[in-house]
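Chain by chain, the residues run as shown.
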Amino acid sequence: MALEHAILVSLLEKPGSGYELARRFERSIGYFWTATHQQIYRVLKRMEGDGWIDVREVPQQGRPDKKEYSVAAVGRAALSGWLHEPIEPESVRHDLAVKIRGAAFDDPAALIREVERHHQEHADRLAHYLAGELRDFTGPDAPRTPDAGRELQHAVLRGGIAYERMMLAWLDDVLATLHRLRP
């Protein structure tokens with residue numbers, strides 16, 4: 001997937017400034033596709049030049065005007081074309097898994113701290129996803145109006161939650177194995 005497609009999806013969900021897009025990438029889109037502020041602005045400029053997005057100046061009180069981006073017909077067509085193209089299933093490329101296998105040729109116990117660090121990062125991410133799910137989809141203050149966009153956002157978030165739970169279960173298994181192999 002190109003960054004352009006992630007930006008188009010975000011702008012179709014809600015038009016916004018480059019800064020607002022960058023914040024969305026930090027909060028939700030970034031769970032599955034990361035980009036720096038510089039990458040986002042560079043791609044926005046290219047997309048504007050290609051006619052994929054429209055830009056309007058929004059006056060602000062006491063600050064410079066901001067640019068608000070929205071998807072143009074050409075951008076919607078580009079996204080539609082991409083949505084209809086097949087993609088290859090993602091292959092797993094996992095540095096930690098290679099380290100774990102390689103530990104057989106060194107001291108497996110030396111990996112315990114690194115695996116525990118990964119475990120904590122996945123536990124933190126899972127907690128963040130669950131809090132977002134409660135806030136935006138399942139909690140008492142979450143909108144109850146049926147909406148295809150929201151339903152699909154929730155489906156993606158549920159995938160992230162399932163992935164983090166799977167990773168935690170796997171890391172628990174790895175830690176148990178490393179402790180068992182400890183001299």
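What you see is a predicted model; the values in this text were computed from it and never measured.

**Focus on helix α2 (residues 18–27)**
Reasoning step 1: For α2, the set of buried residues is Gly18, Leu21, Ala22, Arg24 and Phe25. Projected down its long axis, α2 shows its buried positions confined to an angular sector of 155°, all on one face.
Reasoning step 2: Each element contacted by the buried residues of α2 is listed here: α1 (3–13), α3 (37–49) and β2 (66–71).

**What about the pattern of salt bridges?**
Reasoning step 1: Evaluation of the coordinates by the stated rule reveals eight salt bridges.
Reasoning step 2: Put simply, Arg117 and Glu114 hold a salt bridge, and the shortest N to O gap is 2.7 Å. On the criterion of helical spacing, the pair formed by Arg117 and Glu114 is a turn pair, its members being three residues apart in helix α6 (residues 112–138).
Reasoning step 3: For Glu114, a relative accessible area of 22% gives the class partly exposed.
Reasoning step 4: Residues Arg135 and Asp136 are paired through a salt bridge, measuring 2.8 Å at the closest nitrogen-oxygen approach.
Reasoning step 5: Residue Asp136 is classed as partly exposed on the basis of its relative accessible area of 28%.

**A closer look at the confidence of the model for the protein chain**
Reasoning step 1: Looking at the protein chain, pLDDT values average 91 and 98% of them are 70 or higher.
Reasoning step 2: For the protein chain, per-element mean pLDDT is lowest for α2, which scores 87, and highest for β2, which scores 96.

**A few points about the nonpolar core**
Reasoning step 1: Judged by nonpolar contacts, the single largest core of 19 residues is most densely connected at Ile7, Leu11, Phe25, Ile40, Leu44 and Ile53.
Reasoning step 2: Elements with a minimum of two residues in this core: α1, α2, α3, β2 and α4 (73–83).
Reasoning step 3: For this core, the leading source of residues is α1, giving five residues.
Reasoning step 4: Aside from chain neighbours lying at most four places away, what touches Leu44 is Ile7, Leu11, Gly18, Leu21, Ile53 and Tyr69.

**Structural notes on the packing of α6 against helix α7 (residues 148–181)**
Reasoning step 1: At a minimum axis distance of 9 Å, the contact between α6 and α7 shows a crossing angle of 155°. When the axes of α6 and α7 are compared, the pair comes out roughly antiparallel. Relative to α7, α6 is oriented so that their crossing is left-handed.
Reasoning step 2: Within the contact of α6 with α7, the residues separate by chemical class into 16 nonpolar, nine polar and nine charged.

**So, the environment of Ala104**
Reasoning step 1: Structurally, Ala104 is set in the loop between α5 (95–102) and α6.
Reasoning step 2: Note: C-alpha distance between Ala104 and Leu181 (77 residues apart in sequence) is 9.7 Å.

**What about the domain arrangement of the protein chain?**
Reasoning step 1: Taken as a whole, the protein chain is organised into domain 1 (1–84) and domain 2 (95–181).
Reasoning step 2: With four residues of domain 1 in contact, the opposing surface of domain 2 contributes six residues.
Reasoning step 3: There are zero salt bridges connecting domain 1 and domain 2.
Reasoning step 4: For the pair domain 1 and domain 2, the interface holds one residue pair in polar contact (both at pLDDT 80 or more).

**Looking at α1**
Reasoning step 1: With respect to burial, α1 is a largely interior element, eight of its 11 residues being buried.
Reasoning step 2: All buried positions along α1 are accounted for by Leu3, Glu4, His5, Ala6, Ile7, Leu8, Ser10 and Leu11.
Reasoning step 3: Check the buried side of α1 and you find it contacts α2, α3, β1 (53–58), β2 and α4.

About the criteria used
Residues numbered from 1 in each chain as written. Predicted model: local features only at pLDDT ≥ 70, side-chain atom pairs only at ≥ 80, totals over all residues. Heavy atoms only, no water. Buried < 20%, exposed > 50% of the residue type's maximum accessible area, 1.4 Å probe, protein only. Helix = DSSP H or I, 4+ residues; strand = E, 2+ residues; numbered from the N terminus. Arc of directions from axis to C-beta. Contact = heavy atoms within 4.5 Å. Salt bridge = Lys/Arg side-chain N within 4 Å of Asp/Glu carboxyl O. pLDDT = per-residue confidence, 0-100. Core = buried A, V, L, I, M, F, W, Y, C linked by side-chain atoms within 4.5 Å. Axes fitted to C-alpha atoms, helices over the stretch in contact; angles between N-to-C directions. Parallel < 35°, antiparallel > 145°, perpendicular 65-115°, else oblique. Left-handed = near helix turned anticlockwise from the far one by under 90°. Nonpolar A, V, L, I, M, F, W, Y, C, P; charged D, E, K, R; others polar. Domains from an automatic or database assignment. Polar contact = N/O pair within 3.5 Å; in protein donor to acceptor, adjacent residues only side chain to side chain.

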